[in-house]
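# Structural characterization, general
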Amino acid sequence: MPTKEQIEQIIRELQKILHLQDWQITLYLVCQYEMKDIMKVDHYNHIGCCKRFPNQKEAQISLNIDHSRIEECWYSTVMHEMLHIHTCVLDDIVQNITDNCGFERKHFFYESETLNCSIEKIINGIYPVSNFDHILKPDTAK
């Protein structure tokens, strides 16, 4: 897995691609227990999450470095979490107009997650991690 600094550089480049240059994005590499607390869930399955603060244009992306798949999917996870920044206002609207446990809210968040996964795969196809070899492998990039 790349260093925190390398991932932060990639995030800055992805911000331009995803039109998020005006956001301050902070990266946290956390253990599974910290991720469990961040997500407020009773399991350790999450690879990443993104807390968004749209009024301040700030976001915090956390990656679970203990996850068994982190080596293979850190890049797609970062991209996926960055896509959540675009949907945060919609998430807030739905949260304000629906019941916490209501079907509509759960359905919206499920569909939102599905859409994010699809967009992530499209963007990953256009901008694969190899586009960032100049960051990940500076000695071999030319």
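To be clear, the structure that these remarks concern was listed above.
To start, this report covers the structure provided alongside it. This is a predicted model, so every value here is computed, not measured. Residue positions within a chain follow its written sequence, with the count starting from 1. Local features are withheld for residues below a pLDDT of 70 in this predicted model, meaning they are given only at 70 or higher, and side-chain atom pairs are given and counted only at 80 or more; totals for whole chains, interfaces and linings count all residues. Side-chain numbers here rest on the full set of heavy atoms in the structure, without hydrogens or water.

### Considerations on the environment of E104
By secondary structure assignment, the location of E104 is in helix α4 (residues 103–126). Taking the C-alpha atoms as reference, E104 lies 8.5 Å from V94; in sequence the two are 10 residues apart. Working definition: helices are DSSP H or I runs of at least four residues, strands are E runs of at least two. Numbering for both runs from the N terminus.

### Topic: the sheet that holds strand β3 (residues 58–64)
Note on sheets: strands pair through backbone hydrogen bonds, and any given pair is parallel or antiparallel. DSSP-based pairing: two strands are paired if at least 2 bridges between them are found. Here 3 strands make up an open sheet; going across it, the order is β1-β3-β2 and the pairing mixed. Either end of the sheet is taken by a strand with one partner, and the two such strands are β1 (24–30) and β2 (48–53). Within this sheet the neighbouring strands show an average axis-to-axis angle of 15 degrees, counted without direction. In terms of strand pairing, β1 meets β3 through 7 bridges, oriented parallel. Residue Q24 lies in a different strand from β3, and its bridge partner there is E58. Any pair of residues with heavy atoms lying within 4.5 Å of one another is described as a contacting pair. Fitting a line to C-alpha atoms yields each axis, with helices limited to the stretch in contact; the angle taken between N-to-C directions then spans 0 to 180 degrees. Lying on the sheet, helix α1 (residues 4–17) is in contact with β1 and β3; it crosses β1 at an angle near 150 degrees. Here helix α3 (residues 70–97) sits on the sheet in contact with β1, β2 and β3, set at roughly 30 degrees to β2.

### A short note on a nonpolar patch on the surface
Excluding any residue in a salt bridge, patches collect residues exceeding 30% relative accessible area, merging like charges within 9 Å and nonpolar Val, Leu, Ile, Met, Phe, Trp and Tyr side chains within 5 Å. We get accessible surface area from the Shrake-Rupley algorithm with a probe of 1.4 Å; when it comes to residues, only the shown protein chains can shield them. One speaks of a salt bridge when a side-chain nitrogen belonging to Lys or Arg is within 4 Å of a carboxyl oxygen belonging to Asp or Glu. Nonpolar side chains collect at one region of the surface, where V89, L90, I93 and I97 lie side by side and expose about 390 Å² of accessible area between them. Mapped onto the secondary structure, I97 falls in helix α3. Take I97: its relative accessible area is 67%, and that puts it in the exposed class. Partly exposed residues are those whose accessible area sits between 20% and 50% of the maximum for their type, while under 20% is buried and over 50% is exposed, using a 1.4 Å probe and protein chains only.

### As for the pairing of β3
Counting buried residues in β3 gives 5 out of 7 residues, a clear majority hidden from the surface. By the bridge criterion, 6 bridges tie β2 to β3 in an arrangement that is antiparallel. Counted as the bridge partner of C49 is S62 from β3. Between β2 and the antiparallel strand that follows it, β3, lie 4 residues; K57 among them carries a positive phi value of about 55 degrees.

Shape descriptors only; they carry no functional weight alone.
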